[in-house]
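Secondary and tertiary structure notes
Letter by letter, the chains look like this.
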Amino acid sequence: MKKLLGVTGCPTGIAHTFMAAEALRRAAEAAGAEIKVETNGAIGVENALTAAEIAEADCIIIACDKKVEMDRFRGKPVLEVSVGQGIQHAAKLVEEAMSGKVPVYGGTAPADAADEMFRLEGKSGAAHEIYKHLMNGVSHMIPFVVAGGVLIAVSFLWGIYSFDPNSDQYNPAAALLKQIGGYAMGLMVPVLAAYIAESIANRPGLVAGFVAGVIAAGTGSGFIGGILGGFLAGYLCKYLVHSLSGLSKEFEGLKSIFLIPLVSVAVIGVIMCLTAEPIASINAAMMDFLSNLQNSNPIILGIVIGCMSAFDMGGPVNKAAYVTGTLLLGQGNYYFMAGVSAACITPPILIALATTIFRNKFTKNERAAGLVNYILGCTHITEGAIPFAAKSPLTVLPILMLGSSISAVLTYMMKIQVPAPHGGFLILALVDQPVAWVLCILAGSLVGAVIYGLTRKKPEQE
């Protein structure tokens, strides 16, 4: 029996990570192979692979959109793809892993194996590496955004001006919560830049990355400046590590603690300061455009946000909409995030409603998964709809995008404000029009559910 190992991880570490792990387990069982899967989730590494298991493995499947420790696999056959491929093409990955044609990590891949990996991945290696570096920053940033955003939102329960000592609404507890939340939100861009750089250059990139992010946040370069600074810091540190690799081992401490931090921080600091003004102008123009669009044309904005949120459900397009919403949230714009949240909540609710209304169109297992989607949807976890979309993406994805667009458009038209970046219906007490917001989401979900149910064929067997 072939012994396989797997490693899965997605930017948020909530749903895709464990869905890919389960898909690989099922595919390996069906193929008659033994597999152990390590998950790199939101709470850290679980089911970690041991050195003995790696030594005995015939192949390792890495289905990740975030950085994982790869040096431990050197000299072993490694098949590396995105987490989405791990969910959608698990059987194909297991088949390839068992073929004996997988390239050795750190070695040379046979031509046919390299071609197969390219077909599975569907994207260039360089593009996927850049995406992984970016998502490493995003995955570390999101907990700061959620914690800070929710604390700020909770402080508003005492009044929108409860933090102001000169206001009649002032409350010391609310002011303290808002202050703590503000500190957490203030770390958003520095953490993003730091962990992009860390993904590229490992620990040497952290210092320069943090400095780049702090400068970006302090000069108004914001999200764009943080991303650019993170990549510049990472690749600069990687170059410095390579350039100084010829130094004697006696100078290892001097290199890592003094030379690389000093040179990288100085160079990146100068670049970030010199480019701060033009990048800040671009960042401000983009944010102003989005803010104005929600007032001048909420229908177009809602359609764009709805389609982005439902297109890959937790993937890079979805994350682009979500991160933009969190950035505007940090600037005091609570309207934009309301539409993003509504669009993200809609897909799982849509699936849940469809499996409830059109029970005879779904198998017993699908109906059970539909019930779980009620919980996932209510807590803002979009990924619950992925298994249904993966079975028929050309049919299901447009329906999900339509439902999310309706929810977002209605939310923007009603000018609903959501001051927290996550939580779903758990944060209804913080929403200025909670009933209207829920109705907007249910409207989009119900329309999509009816279309999905009517267009779906009855299963051949339960």
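Rules behind the numbers
Throughout this document, residue positions are counted from 1 along each chain, in the order its sequence is written. Where totals are concerned, whole chains, interfaces and linings use all residues; where local detail is concerned, this predicted model gives features only for residues with pLDDT of at least 70, and gives and counts side-chain atom pairs only at 80 or more. Working from all heavy atoms in the structure, the side-chain values ignore hydrogens and water. UniProt positions are given in the numbering used here, feature names are shortened, and annotations may be inferred rather than shown by experiment. Only runs of H or I of at least four residues qualify as helices and only runs of E of at least two qualify as strands under DSSP, and these elements are numbered from the N terminus. As a reference, a globule follows 2.2 Å times the number of residues to the power 0.38, and the radius of gyration itself is taken over C-alpha atoms. Relative accessibility decides the category of a residue: with a 1.4 Å probe and only protein chains considered, values under 20% of the type maximum give buried, values over 50% give exposed, and everything between is partly exposed. What makes two residues a contact is simply this: any of their non-hydrogen atoms within 4.5 Å. Areas reported here follow the Shrake-Rupley algorithm with a probe of radius 1.4 Å; residue values treat only the protein chains shown as occluding. This count recognises Lys and Arg as positive and Asp and Glu as negative, with His and chain-terminal groups excluded. Just so you know, the charge point we use is NZ for Lys, CZ for Arg, CG for Asp and CD for Glu. Any two strands with at least two DSSP-identified bridges between them are counted as paired. Lines fitted to C-alpha atoms define the axes here, with helix axes fitted over just the stretch in contact, and angles between the N-to-C directions of these axes take values from 0 to 180 degrees. Here the nonpolar core consists of buried residues drawn from Ala, Val, Leu, Ile, Met, Phe, Trp, Tyr and Cys, with membership extended through side-chain atoms lying within 4.5 Å. What sets the label is the angle itself: under 35 degrees gives roughly parallel, over 145 gives roughly antiparallel, 65 to 115 gives roughly perpendicular, and the rest give oblique. Handedness of each helix crossing follows the sense of rotation of the near helix against the far helix: counterclockwise by less than a right angle gives left-handed, clockwise gives right-handed. Under this grouping Gly is polar, as are all residues other than the nonpolar Ala, Val, Leu, Ile, Met, Phe, Trp, Tyr, Cys and Pro and the charged Asp, Glu, Lys and Arg. Should a side-chain nitrogen of Lys or Arg be within 4 Å of a carboxyl oxygen of Asp or Glu, the pair is scored as a salt bridge. Within 3.5 Å is the distance limit for a polar contact, defined as a pair of N or O atoms, with the added protein rule that one can donate a hydrogen and the other accept it, and that residues adjacent in sequence qualify only through two side-chain atoms. Ring geometry is summarised as follows: Phe, Tyr and Trp rings, the Trp one being its six-membered ring, pair when their centres sit within 6.5 Å, and such pairs are stacked at plane angles under 30 degrees, edge-to-face over 60 and tilted between the two. Counting as a charge over the ring demands two things of the Lys NZ or Arg CZ atom: a distance within 6 Å of the ring centre and an angle within 35 degrees of the ring normal. One confidence number per residue, pLDDT, is output by the predictor and ranges from 0 to 100. A helix is expected to span 1.5 Å for every residue after the first. The angle between axes fitted to the seven residues ending at a residue and the seven residues starting there is what we call the bend at that residue.

- Where an unreviewed UniProt entry is consulted, the protein appears under the name PTS fructose transporter subunit IIC, with the organism given as Selenomonas noxia F0398.
- UniProt, in its Subcellular location (unreviewed entry) section for the protein, records the words "Cell inner membrane".

Things to note about the overall build of the protein
- The helix and strand inventory of the protein stands at 18 helices and five strands.
- Computed over the C-alpha atoms, the radius of gyration of the protein is 24 Å, within 12% of the 23 Å expected from 2.2 N^0.38 for a compact globule of 462 residues.
- Evaluated residue by residue, the protein yields a buried proportion of 52% over its 462 residues.
- If you take every contact in the protein between residues at least 6 apart in sequence, the share linking residues at least 24 apart comes to 71%.
- Approximately 20,500 Å² of the protein is accessible, and the part contributed by carbon and sulfur atoms is 65%.
- Taken as two groups, the 30 positive and 32 negative side-chain charges of the protein have centres that lie 5 Å from each other.

Here's the deal with the sheet that holds strand β4 (residues 59-64)
- Taken together, five strands build an open sheet; the order of strands is β3-β2-β1-β4-β5 and the sheet is mixed. Each edge of the sheet is formed by a strand with only one pairing partner; in this case those strands are β3 (44-46) and β5 (78-81). Here the strands of the sheet are splayed against their neighbours by 15 degrees on average, with no regard to which way each runs.
- Note that strand β1 (residues 3-9) and β4 share six bridges and pair parallel. Residue pairing in the sheet places Leu4 in a bridge with Cys59 of β4.
- Against the sheet, helix α1 (residues 16-31) engages β1, β2 (34-41), β3 and β4, with an angle of about 175 degrees to β2.

Brief notes about the nonpolar core
- Of all hydrophobic cores here, the largest spans 43 residues; its most connected members are Met313, Leu350, Ile351, Leu400, Ile416, Trp437 and Tyr452.
- A per-element tally of this core places helix α14 (residues 335-357) first, with eight residues.
- Setting aside residues no more than four positions away along its own chain, Tyr452 makes contact with Leu350, Ile351, Ala354, Phe362, Phe388, Val396 and Ile399.
- The next biggest cluster of nonpolar side chains, apart from the first, holds 35 residues, and it includes Ile142, Ile152, Val323 and Phe336.

Details of the packing of α14 against helix α18 (residues 434-455)
- For the pair α14 and α18, interaxial distance at closest approach is 7 Å and the crossing angle is 45 degrees. On the basis of the axis angle, α14 is oblique to α18. Once α14 is placed against α18, the crossing between them reads as right-handed. On α18, the residues touching Ala338, Ser341, Ala342, Ile345, Thr346, Ile349, Leu350, Ile351, Leu353, Ala354 and Ile357 of α14 are Trp437, Ile441, Leu442, Gly444, Ser445, Leu446, Gly448, Ala449 and Tyr452.
- Across the contact of α14 with α18, the residue classes tally to 15 nonpolar, five polar and no charged.

Comments concerning the pattern of salt bridges
- Tallying each qualifying case throughout the model produces nine salt bridges.
- Among the ionic pairs, Glu22 bridges to Arg25, the shortest N-O distance being 3.6 Å. Of this pair, Glu22 and Arg25 are both found in helix α1, three residues apart, which corresponds to roughly one turn of the helix.
- Taking relative accessible area as the criterion, Arg25 reaches 33% and is therefore assigned partly exposed.

Considerations on the environment of Glu22
- For Glu22, a relative accessible area of 33% puts it in the partly exposed group.
- In this structure, the C-alpha to C-alpha distance between Glu22 and Val7, residues 15 residues apart in sequence, is 11 Å.

Observations regarding the pairing of β4
- With respect to burial, β4 is a largely interior element, six of its six residues being buried.
- With burial as the criterion, each face of β4 is covered, one bearing Cys59, Ile61 and Ala63 and the other bearing Ile60, Ile62 and Cys64.
- Sheet topology places β4 next to β5; four bridges connect them, and they run parallel. Note that in β5 the partner of Ala63 across the bridge is Val81.

Details of the environment of Ser199
- Considering the arrangement of structural elements, one finds Ser199 in helix α8 (residues 188-201).
- Taking the C-alpha atoms as reference, Ser199 lies 5.3 Å from His133; in sequence the two are 66 residues apart.
- Discounting residues that sit within four places of it in the chain, Ser199 has contacts with Lys67, Lys132, His133 and Asn136.
- Polar side-chain contacts of Ser199 include one of 2.8 Å to the side chain of His133.

Regarding the packing of aromatic side chains
- Under the criterion given, the structure shown has six aromatic pairs.
- Measuring from centroid to centroid gives 6.2 Å for Phe336 and Tyr412, while their planes differ by 50 degrees, and the two rings are tilted. Highlighted residues: Phe336 in helix α14 and Tyr412 in helix α17 (residues 393-413), separated in sequence by 76 residues. Of the two residues examined, Phe336 and Tyr412, each falls in the buried class.
- Seen from their ring centres, Phe362 and Tyr452 are 5.6 Å apart, and the 70 degrees between their planes marks the pair as edge-to-face. With a gap of 90 residues between them, Phe362 in the loop between α14 and α15 (364-378) and Tyr452 in helix α18 connect regions that are remote in the sequence.
- Looking at Phe362, the relative accessible area reads 0%, which means it is buried.
- On the basis of relative accessibility, which here comes to 3%, the residue Tyr452 falls in the buried class.
- By way of ring pairs, the aromatic residues Phe362, Phe388 and Tyr452 are connected into one cluster.
- Looking at Lys178, its charged tip hangs above the ring of Phe163, at a distance of 4.4 Å from the centre.

Some remarks on the confidence of the model for the protein
- Of the residues in the protein, 92% reach a pLDDT of 70 or more, and the chain-wide mean stands at 84.
- For the protein, the element scoring lowest by mean pLDDT is helix α5 (residues 111-121), at 41; α18 scores highest, at 94.

Some words on α14
- Helix length check: α14, at 23 residues, gives a terminal C-alpha distance of 32 Å against a target of 33 Å (1.5 Å per residue), a fit within 8%.
- Along α14, the helix axis deviates most sharply at Thr346, where the bend reaches about 35 degrees; the proline Pro347 sits within four residues downstream.

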